[in-house]
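# Residue-level structure breakdown
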Amino acid sequence: MADRITVIGWDGTPLTEAAGAALAAATLVAGAPYQLNALPVPDAAERITLGNVRQAARRIAEHRGAAVVVAEGDPGFFGVVRALRRPEYGLELEVLPAVSSVAAAFARAGMPWEDAQVVSAHGGRLRRAANICRAHPKVAVLTAPGAGPSELALMLRGVHRTFVVCEALGTPDEDVTVLTSDRIADHVWRDPNVVLVIGGHGGPQAGGVDTEAGWLAGRPVGFPGADRGWALPGDAYAGAGRAGDEPGASEALPAHVRALVLARLGARPGDLVWSVGAGSGALAVEAARFGAAVVAVEASRSACAGLAVNARRYGVEVETVHGQGPEVLGGLPEPDVAVVESGGLDVVRAVLARRPERFVAVPRTLAEGEQIHRAIAEAGYRADGVLLQSTPLSAAGGAGGGLVLGAGGTGVLLLWGEQIA
């Protein structure tokens with residue numbers, strides 16, 4: 001193993017005394033071509049282009065002498081330190097960080113960023129990064145070749161955002177461009193770059209003040225805002241206590257049913273959730289509070305309006321699509337998980353054809369449930385379900401009395417499926 005391994009973060013500014021001394025003593029230096037050309041690498045030092053980090057790590061492990069790895073900004077933040085620290089290499093590192101590219105990007109934009117989400121599009125994760133941008137109002141995206149600003153904007157087609165594209169930060173060629181997302185694809189962007197994706201509702205609408213802001217970095221939207229917990233009572237959502245007043249309007253699901261649906265969906269940050277027949281959006285909003293991106297489809301215009309109100313109240317992003325039937329689903333981005341709250345067998349089949357990893361349906365009759373259960377199994381999913389029955393409790397003779405069963409018990413049939421590996 002190398003006698004000493006120093007990882008230097010470089011942001012284009014002059015090296016610190018410690019970083020300069022480590023580089024001057026190096027017998028092996030790994031970095032990007034532009035870094036190796038710009039920095040005073042000793043003439044006698046072996047140079048390694050830092051393309052494949054694993055190959056570089058193996059060579060460093062074999063080297064005898066002082067090795068230096070040059071990385072952008074803070075190499076411990078979505079950088080090479082994680083790869084170099086893998087147990088199979090047995091490398092012990094001294095890390096000398098500079099300002100991270102994300103911190104520099106927000107500084108150039110003049111914005112605070114403790115409330116931002118930070119994601120990497122490297123490793124084929126562009127779609128999940130785009131879903132984070134759908135779900136959150138402030139996101140920094142570390143791009144990659146083939147997964148840059150243009151590709152990200154195309155993934156967000158129809159979702160209005162402002163892009164702050166920061167190219168070649170800390171170099172003489174640095175450039176910062178601010179454009180709306182619909183204009184991003186018209187440009188050719190240079191690597192490396194960081195993209196800030198800004199827009200949306202912001203924090204919870206609790207009297208205009210987010211009382212939870214300013215103490216937890218990267219705080220997920222809706223957590224743990226003015227209303228603690230999930231599967232909130234129906235009266236916590238505008239219009240959730242009734243079906244919409246137009247033909248085709250979707251009936252709201254009770255809170256305990258929503259809790260089980262959310263558990264079966266397992267929505268998480270980076271996922272895209274379809275909520276079809278969403279009603280006034282109680283389930284859609286709660287899925288968004290878990291940090292997932294949500295597209296809600298609803299036939300009733302008044303319910304769509306109520307859904308927008310509920311999303312704003314809880315400070316989450318829910319994309320609302322007015323329409324019904326399988327035809328409205330064709331233009332939607334691919335779902336990771338999906339729920340059909342209403343719509344019938346044809347809608348269920350149309351959703352299953354898009355291959356979400358997990359699927360939940362709420363049949364209205366036992367006969368419809370049998371058809372949907374068969375459709376889930378025929379689509380290649382492991383099908384299951386439950387008849388969820390509940391009866392409210394009330395106190396007999398006032399607050400000090402015993403408990404008695406109240407009126408208005410309900411039974412709701414739920415079916416779900418998971419893809420068979």
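For the structure, see preceding data.
A brief structural summary. (Residues numbered from 1 in each chain as written. Predicted model: local features only at pLDDT ≥ 70, side-chain atom pairs only at ≥ 80, totals over all residues. Heavy atoms only, no water.)

### Some points on the overall build of the chain
Broken down by element type, the chain carries 13 helices and 19 strands. Counting only residues that meet the buried cut, the chain has 47% of its 421 residues in that class. If you take every contact in the chain between residues at least 6 apart in sequence, the share linking residues at least 24 apart comes to 63%. Summed over all atoms, the accessible surface of the chain reaches about 19,500 Å², with 53% contributed by carbon and sulfur. (Helix = DSSP H or I, 4+ residues; strand = E, 2+ residues; numbered from the N terminus. Buried < 20%, exposed > 50% of the residue type's maximum accessible area, 1.4 Å probe, protein only. Contact = heavy atoms within 4.5 Å. Areas by Shrake-Rupley, 256 points an atom, 1.4 Å probe, with all protein chains shown as cover.)

### As for the sheet that holds strand 6 (residues 117–120)
The strands that make up a sheet pair up through hydrogen bonds in the backbone, lying either parallel or antiparallel. An order of 6-7-10-8-9 is seen for the five strands of this open sheet, with the pairing classed as mixed. Either end of the sheet is taken by a strand with one partner, and the two such strands are strand 6 and strand 9 (175–180). Here the average twist between neighbouring strands, direction ignored, is 20 degrees. Direction of pairing for strand 6 relative to strand 7 (residues 138–142): parallel, over a ladder of four bridges. Paired with V119 across the two strands is V141, which belongs to strand 7. (Pairing = 2+ DSSP bridges. Axes fitted to C-alpha atoms, helices over the stretch in contact; angles between N-to-C directions.)

### Considerations on the pairing of strand 3 (residues 46–49)
In regular strands, side chains alternate between the two faces of the sheet. Here strand 2 (residues 28–31) runs beside strand 3; their pairing, made up of four bridges, is parallel. Residue pairing across strands places A30 opposite I48, the latter belonging to strand 3. Following the backbone out of strand 2, through helix 2 (residues 33–38) and into the adjacent parallel strand 3, one traces a crossover that is right-handed. (Right-handed = clockwise from strand over helix to strand, strands pointing away.)

### Section: the sheet that holds strand 1 (residues 4–10)
Taken in spatial order, the five strands make up an open sheet running 3-2-4-1-5, and their pairing is parallel. The sheet terminates laterally at strand 3 and strand 5 (94–96), the two strands that pair on one side only. When the angles between neighbouring strand axes are averaged without regard to direction, this sheet yields 20 degrees. Packing of helix 1 (residues 17–24) onto the sheet brings it into contact with strand 1, strand 2, strand 4 (66–72) and strand 5, and relative to strand 1 it is tilted by some 130 degrees. Contacts from helix 3 (residues 53–62) reach strand 1, strand 2, strand 3 and strand 4, with the element oriented near 160 degrees to strand 3.

### Describing the pattern of salt bridges
Enumeration according to the criterion identifies 12 salt bridges in this entry. One salt bridge in this structure joins D115 and K138, with 3.0 Å as the shortest N-O distance. Of the two residues, D115 sits in the loop between helix 5 (101–109) and strand 6 while K138 sits in strand 7, which places them 23 residues apart along the sequence. A relative accessible area of 11% means that K138 is categorised as buried. Among the salt bridges present, the one from R134 reaches E319, with a minimum N-O distance of 2.8 Å. Of this pair, R134 sits in helix 6 (residues 126–135) while E319 is found in strand 13 (residues 318–322), placing the two residues 185 residues apart along the sequence. Because the salt bridges share partners, they merge into one network encompassing R128, R268 and D271. (Salt bridge = Lys/Arg side-chain N within 4 Å of Asp/Glu carboxyl O.)

### Here we look at unusual backbone geometry
Its identity is not glycine, yet F78 carries a phi of approximately 55 degrees, on the positive side. Mapped onto the elements, F78 comes out in the loop between strand 4 and helix 4 (80–84).

### Focus: helix 1
Regarding helix 1, the residues found buried are A19, A22 and L23. All buried residues of helix 1 project into a common sector of 95 degrees when viewed along the axis, lining one side. Exposed positions of helix 1 whose direction lies more than 90 degrees from the buried face are E17 and A24. Looking at the buried side of helix 1, the elements it contacts are strand 1, strand 2, strand 4 and strand 5. (Arc of directions from axis to C-beta.)

### Focus: the packing of helix 9 (residues 255–265) against helix 10 (residues 282–289)
Where helix 9 contacts helix 10, the axes come no closer than 10 Å and their chain directions differ by 45 degrees. Overall, the two elements helix 9 and helix 10 adopt an arrangement that is oblique. For the pair helix 9 and helix 10, the crossing hand works out as right-handed. Judged by residue contacts, R258, V261 and L262 of helix 9 engage A282, L283, E286 and A287 from helix 10. Across the contact of helix 9 with helix 10, the residue classes tally to five nonpolar, no polar and two charged. (Parallel < 35°, antiparallel > 145°, perpendicular 65-115°, else oblique. Left-handed = near helix turned anticlockwise from the far one by under 90°. Nonpolar A, V, L, I, M, F, W, Y, C, P; charged D, E, K, R; others polar.)

### Looking at a nonpolar patch on the surface
A cluster of nonpolar side chains, L393, L403 and L405, forms an exposed patch at the surface whose accessible area comes to about 380 Å². You can see L403 is positioned in strand 18 (residues 403–405). (Patch = residues over 30% accessible without salt bridge, like charges linked within 9 Å, V, L, I, M, F, W, Y side chains within 5 Å.)

In short, geometric facts, not functional conclusions.
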